[in-house]
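Structure assessment
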Amino acid sequence: MSTAAVLSDFFTAALREARSERPASLASRIPALDELTEGGFPVNALTELFIPHAGIGEVRMLLPALASLKHVTWVLPCDSEAAPYAPALADAGLDLDRQLFSIPSTPEEAFWCAEQAAASGETSAVVVWLNPLVHGKVGLVQRPAEVQVHKVAAALARLDMAAHSTGTTIFLIRPSSMACTPSPAELRLMLRPGRSGTVHVRATRRGAFFDRTREADVSLEERPLVPAPRACRRKVQQALASARLSPAC
């Protein structure tokens, strides 16, 4: 058998194996987004959404898919006045009795809450806002930025392991400035304002040999998370379940 034939058989077998191991997809129920992401969000894996600022459409993009799931855990931003808006969530088809909300105190605790929720195996999906970890004191050998990358990489690896081991779908909402950092995510979505009120989405899907990137403008409705008055936020904090243990991040 010629060398060309051997290589052809090898790559054909490798592609067949890669496709068979590709995670199933959870349809976003937004036609333009499903086409862009090759079928929707990967289940039992990580999906990252990188945003330039809060409220660009990151939540609205997820709601139709989340409405089809039995139970969702939300780890809300620890540094904003955003709070769940129950009527909008209900209108999107989510069962409010099957939503668990947590408000972490720090970025480290946000990672930890997401990992614990996924590792429990009691939730279908986790939606978590992840800000850069706080830089601590370091020695002269490693710079703070290097420590930051190492800590985030270790935390993402644990989240990825939890997703695969328990069958949990995890959505990570992160600042656009973190898009250049390495990640085990199966799908990465870069969001920015598009034309005529749309959201421009640049989708990168992990491939067997090369990542595949496509982009397009996607039309979305109004977002369901809105800034809440401080008095309302205090009531939410009292009502929501929120873990206050030391993070393992």
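Attention in this report is confined to the structure presented alongside it.

**So, unusual backbone geometry**
Among all residues except glycine, the phi angle is most often negative; among peptide bonds, the trans geometry is most common. Positive phi is not limited to glycine here, since N44 has a value of about 55 degrees. Among the structural elements, N44 can be located in the loop between strand 2 (41-42) and strand 3 (46-51). A residue is classified by how much of its surface remains accessible, and N44, at 32% relative accessible area, is partly exposed. The phi dihedral of S196 falls on the positive side, at around 50 degrees, and the residue is not glycine. Mapping S196 onto the fold places it in the loop between strand 9 (187-193) and strand 10 (199-205). On the accessibility criterion, S196 (79% relative accessible area) is exposed.

**Considering the nonpolar core**
Nonpolar side chains in soluble globular proteins tend to be buried together. Of all hydrophobic cores here, the largest spans 35 residues; its most connected members are M61 and W74. Ranked by the residues each element gives to this core, the list is headed by helix 3 (residues 58-66), at six residues. Apart from the residues lying within four places of it in its own chain, the contact partners of W74 are V59, L63, L66, L94, Q99, L100, F101, S102, V127 and W129. Of all hydrophobic cores here, the second largest spans 22 residues; its members include L46, V75, W112 and V126.

**Here's the deal with the pattern of salt bridges**
As enumerated under the stated definition, the model contains six salt bridges in all. In this structure, E48 engages R174 in a salt bridge whose closest nitrogen and oxygen atoms are separated by 2.6 Å. Here the residue E48 occupies a position in strand 3, and R174 occupies one in strand 8 (residues 169-175), the gap between them amounting to 126 residues. Residue class for E48 comes out buried when judged on its relative accessible area of 0%. Between R158 and E115 there is a salt bridge; the shortest N-O distance is 3.0 Å. With R158 in helix 6 (residues 144-166) and E115 in helix 5 (residues 107-120), this pair connects stretches of sequence that are 43 residues apart. Among the ionic contacts, a cluster of salt bridges with common partners joins E48, R174 and R188.

**Points about helix 3**
Every α-helix carries 3.6 residues per turn, so stepping three or four residues along brings you back to the same face. With respect to burial, helix 3 is a largely interior element, nine of its nine residues being buried. Residues of helix 3 that are buried include every one of E58, V59, R60, M61, L62, L63, P64, A65 and L66, and no others.

**Thoughts on the side chain of T123**
On the secondary structure map, T123 appears in the loop between helix 5 and strand 7 (125-129). Here the side chain of T123 touches H71 through a polar contact of 3.0 Å, side chain to side chain. For T123, the contacting residues outside a window of four places in its chain are H71, V72, T73, A117 and T168.

**What about the sheet that holds strand 4 (residues 72-75)?**
One open sheet holds the eight strands; their spatial order is 6-4-7-8-3-9-10-11, and the pairing between them is mixed. Edge positions in the sheet fall to strand 6 (99-102) and strand 11 (212-218), since each of these pairs with one other strand and no more. Neighbouring strand axes in the sheet, compared pairwise and without regard to direction, differ in orientation by 15 degrees on average. When strand 3 meets strand 8, the two strands line up parallel, connected through six bridges. Across the sheet, E48 pairs through a bridge with L172, a residue of strand 8. Of the strands in this sheet, strand 3, strand 4, strand 7, strand 8, strand 9 and strand 10 touch helix 3, which is tilted by about 175 degrees from strand 7. Contacting strand 4, strand 6, strand 7 and strand 8, helix 5 crosses the sheet at an angle of about 180 degrees to strand 7.

What counts, and at which threshold
- Residues numbered from 1 in each chain as written.
- Predicted model: local features only at pLDDT ≥ 70, side-chain atom pairs only at ≥ 80, totals over all residues.
- Heavy atoms only, no water.
- Helix = DSSP H or I, 4+ residues; strand = E, 2+ residues; numbered from the N terminus.
- Buried < 20%, exposed > 50% of the residue type's maximum accessible area, 1.4 Å probe, protein only.
- Core = buried A, V, L, I, M, F, W, Y, C linked by side-chain atoms within 4.5 Å.
- Contact = heavy atoms within 4.5 Å.
- Salt bridge = Lys/Arg side-chain N within 4 Å of Asp/Glu carboxyl O.
- Polar contact = N/O pair within 3.5 Å; in protein donor to acceptor, adjacent residues only side chain to side chain.
- Pairing = 2+ DSSP bridges.
- Axes fitted to C-alpha atoms, helices over the stretch in contact; angles between N-to-C directions.

Geometric descriptors of this kind do not, in isolation, establish any biological role.
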